[in-house]
Each structure stands twice: as structure tokens, then as C-alpha cells.
Amino acid sequence: MAGGALTETGRTLGKGFAHRLRAEPFSTGICGSVHSHSSPGSRVKLGGQPDGRAGLAAEVPPPVGSREGLDARAGIMALWRAYQRALTVHPWKVQVLTAGSLMGLGDIISQQLVERRGLREHQTGRTLTMVSVGCGFVGPVVGGWYRVLDRLVPGTTKVDALKKMLLDQGGFAPCFLGCFLPLVGALNGLSAQDNWAKLRQDYPDALITNYYLWPAVQLANFYLVPLHYRLAVVQCVAVLWNSYLSWKAHRL
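Predicted, not measured: the structure shown is a model, and the values here were computed from it. (Residues numbered from 1 in each chain as written. Predicted model: local features only at pLDDT ≥ 70, side-chain atom pairs only at ≥ 80, totals over all residues. Heavy atoms only, no water.)

**Some remarks on the UniProt feature "transmembrane region" (unreviewed entry) in the protein chain**
Part 1: UniProt records the feature "transmembrane region" (unreviewed entry) at residues 127–146 and 171–190, using the numbering of this structure.
Part 2: As annotated, residues 127–146 has a helix share of 100% and a strand share of 0%, and its two end C-alpha atoms lie 26 Å apart.
Part 3: Along residues 171–190, the helical share is 85% and the strand share 0%, with 27 Å between the first and last C-alpha atoms. (UniProt positions renumbered as here; feature names shortened; annotations may be inferred. Helix = DSSP H or I, 4+ residues; strand = E, 2+ residues; numbered from the N terminus.)

Have a look at this one:
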């Protein structure tokens, strides 16, 4: 009888203990210490269910800067799509404005990074002159030349690209530089005699420097890039070239 009573008492105590665990999960002991010692910044919680049966689950915050990076990429892509739409609707205007903008950027780089004038000594009129040369001369002339060249050599093979590059660098580039340098000199107020002397001084060096850069660029441009994007590609590569031309054209 005594053994049976003890057994019955043990069963009763076990049921009560189990009932208490179900009623108050994680309220004491190790789990309670986790609740009391976890910092707010760690964002650790016990269980995904109300009764805590899912165990420990950590909420990992997203990587720092990921949202900003995605937003920047989306903004760049939106600008590029807008540029493509504008180029499709108004190809000539967009090409001319692109050339003018990048000529101006090249002059800013020339004044600030090459000549190191500083903001106070920056010649705004000179930059506006280069913008006007880009819009009124570089954009129309270079864009028109690409159209003529595509009619002269209509193919898109590697041989055709090579032919276009040879015509461009052998015929067009020397003429273009021979017109660009005296045009900028005239806009800067040089007399005809001074302009001619400056052209004789600067032209050979500018033409040789041209051949260091442009044959490879134009070969890739004629082979890989569609016609209506060629001027934009050339002008993007030409930001540094424009800086050089601006420095060369304005050097006394």
C-alpha cells in the first residue's frame, strides 16, 4: 500500500510539473536568462509561435548600404533609358547636346585638374566657348561624318570596321584638327597671323597624340557600336581628349 501511494504521489507531481511548463514556457531558468540578458540591438527572440515551440530565431538585419546601392543602380538605369528614348525620338538634337556637354566637361577638367586654376580663377567664358564649339561644330560635323562613313562602307564586319577606321583617321582626323584649333583660336580673339602661328606650333603634336588614342577606339566603335550611339561613345571616351584639346587650344 505504501509503494502504491508513493507511485500515485509521483504521478501527481509529474503531471503538475508538466502542466506548469506548458502554462509558463521559458519563464524561468536558462530561457528566462536569455530573455533578461539579450540586448535590444541584437534582435533575438524566442520562438516564432506564441507558445515558444519554434525555439530561438534570429532576425538578421539586411546588409548595410544594400538598399542605397539598389536605388543608385535603379536611378542610373532610369537615366540611361530616358537618354535612349530621347535619342530615338530626337537623335540629331541629343547627339549635338551630348557633344556640347562633354566638350564643356573636358574644359572643366582641363582648367581644374591640368591647369589647377581653382574655382575662383576658373574661366567660365572659356567653358561656354567650348560648349558652343561642341554644339555648333563638333557635334554636327562628327555626327554627319559618321553617317557619310556608314554610307561609304555600309558593312559591319571586322574588315569594314578596319576600312572605316582608316578613312576616319587617315582623312577625317587631320582635317578636323586643322579646323578645330584655329576655330577656337578665333573665338578666343587671336588675329589671323597669331592663329596661323599657333596652328603651325600645335597641329603636329595634336595629330601625333590623336594617333596614340583614336585608331583603337574607333576600330572598336565602328565594329561594336550602332550608328546612333557612336558619337556618344566617342564623346565619353573623348572627355580626356577634350581636356587635352582645350589645354592645347588655350595654351599661349
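**Re unusual backbone geometry**
Part 1: One non-glycine residue, R116, lies in the positive phi region at around 55°.
Part 2: Note that R116 resides in the loop between α4 (91–114) and α5 (124–152).

**Focus: a nonpolar patch on the surface**
Part 1: Residues V148, L152 and L167 make up a contiguous nonpolar surface patch of about 260 Å² in total accessible area.
Part 2: Mapping V148 onto the fold places it in helix α5.
Part 3: The exposure class assigned to V148 is partly exposed, which follows from its relative accessible area of 41%. (Patch = residues over 30% accessible without salt bridge, like charges linked within 9 Å, V, L, I, M, F, W, Y side chains within 5 Å. Areas by Shrake-Rupley, 256 points an atom, 1.4 Å probe, with all protein chains shown as cover. Salt bridge = Lys/Arg side-chain N within 4 Å of Asp/Glu carboxyl O. Buried < 20%, exposed > 50% of the residue type's maximum accessible area, 1.4 Å probe, protein only.)

**Looking at the packing of aromatic side chains**
Part 1: In this structure the tally under the stated criterion is 5 aromatic pairs.
Part 2: With centroids separated by 5.5 Å and ring planes inclined at 15°, the aromatic side chains of F137 and F176 adopt a geometry described as stacked. Taken as a pair, F137 in helix α5 and F176 in helix α6 (residues 158–187) lie far apart in primary sequence, 39 residues in all.
Part 3: Given the relative accessible area of 16%, F137 is considered buried.
Part 4: Ring geometry for W145 and F172: centres 5.0 Å apart, planes at 5°, overall stacked. A residue pair is termed long-range when its members are at least 10 positions apart, and W145 in helix α5 and F172 in helix α6 qualify at 27 residues.
Part 5: Residue class for F172 comes out buried when judged on its relative accessible area of 16%. (Phe/Tyr/Trp six-rings, centres within 6.5 Å; stacked < 30°, edge-to-face > 60°.)

**Some thoughts on the environment of R117**
Part 1: With respect to the helices and strands, the residue R117 is situated in the loop between α4 and α5.
Part 2: Take R117: its relative accessible area is 29%, and that puts it in the partly exposed class.
Part 3: With near-sequence residues (within four places) excluded, R117 lies in contact with Q111, H122, Q123 and R126.
Part 4: A distance of 2.8 Å separates the side chain of R117 from the side chain of E115, its partner in a polar contact. (Contact = heavy atoms within 4.5 Å. Polar contact = N/O pair within 3.5 Å; in protein donor to acceptor, adjacent residues only side chain to side chain.)

**Observations regarding empty space enclosed by the protein**
Think of a ball as big as a water molecule: rolled over the atoms, this probe shows where empty space is left.
Part 1: Inspection of every chain in the model, using the stated rule, returns 3 cavities of 30 Å³ or more.
Part 2: Estimated volume of the largest cavity: approximately 240 Å³.
Part 3: Together, 21 residues line the largest cavity, and V142, F176, W214, V234 and W241 are the ones closest to its centre.
Part 4: Contributing elements (two or more residues each) for the lining of the largest cavity: α5, α6, α7 (192–224) and α8 (227–250). (1 Å grid on protein atoms, 1.4 Å probe; cavity = no way out; pocket = protein on both sides within 12 Å on 5 of 7 lines; lining within 4 Å. Points joined across faces, edges and corners; volume = space filled by probe spheres on them.)

**Let's talk about the environment of L105**
Part 1: Structurally, the position occupied by L105 is in helix α4.
Part 2: Considered as a pair, L105 and V131 are 26 residues apart in the sequence and their alpha carbons are 8.4 Å apart.

**Re the nonpolar core**
Part 1: If you look at the biggest cluster of nonpolar residues, it comprises 30 residues, and the most contacted ones within it are V138, V142, F176, L177, F180 and W241.
Part 2: Put simply, the parts of the chain that give this core at least two residues each are α5, α6, α7 and α8.
Part 3: Other than its neighbours up to four places away in sequence, V142 contacts F137, F172, F176 and L231. (Core = buried A, V, L, I, M, F, W, Y, C linked by side-chain atoms within 4.5 Å.)

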